[in-house]
Amino acid sequence: GTIVTDIIVKGQLAFVGLDNPTSGLQILNISNPASITNHPMCTSLNFSENSTAMDAEGDFIFSANGANDEIRIIRDQASICP
């Protein structure tokens, strides 16, 4: 029942924006298209709002969210999500 609002692919990762308040962004490993899996360390980010749109620039993902008119900025943190 969750709606995909946006997908951004960066290298071997796909960032999937979801209209779901408990999992607004999922991070998938797409290195093997026949077997797409959740990222082993960083599966999803729990936003307090539903993701409505995403954009990317360099090592940053920008996620717009529903009711609070917020923009979340997600950046690469190799020490946490290798």
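My aim in this report is to walk through the structure given alongside it, one point at a time. Note that the structure is a prediction, hence the values are computed from the model and not measured. Residue numbering note: each chain is counted from 1, following its sequence as written. Per-residue local features of the predicted model are confined to residues with pLDDT of at least 70, and side-chain atom pairs are confined, for both listing and counting, to 80 or more; whole-chain, interface and lining totals are unaffected and use all residues. Working from all heavy atoms in the structure, the side-chain values ignore hydrogens and water.

### Some words on the overall build of the protein chain
Consideration 1: In terms of helices and strands, the protein chain carries zero helices and eight strands.
Consideration 2: Secondary structure follows DSSP: runs of H or I at least 4 residues long count as helices, runs of E at least 2 residues long count as strands, and numbering of each begins at the N terminus. Each helix and strand of the protein chain, placed in order from N terminus to C terminus, yields the pattern β-β-β-β-β-β-β-β.
Consideration 3: Accessible area is worked out with a 1.4 Å probe on protein chains only. A residue is then buried under 20% of its type maximum, exposed over 50%, and partly exposed in between. Within the protein chain, the proportion of its 82 residues that are buried is 27%.
Consideration 4: Contacts are residue-level and defined by heavy atoms, with any inter-residue pair within 4.5 Å sufficient. Residue pairs at least 24 apart in sequence account for 28% of intrachain contacts in the protein chain once pairs closer than 6 positions are excluded.

### Examining the pairing of strand β7 (residues 60-65)
Consideration 1: Burial of β7 is one-sided: the residues I61, S63 and N65 facing one way are buried, the residues F60, F62 and A64 facing the other way are not.
Consideration 2: Here the rule is simple: two strands pair whenever DSSP picks up at least two bridges between them. One ladder, built from six bridges, connects strand β6 (residues 51-57) with β7; its direction is antiparallel. Each bridged residue has a counterpart across the sheet, and for E57 the counterpart in β7 is F60.

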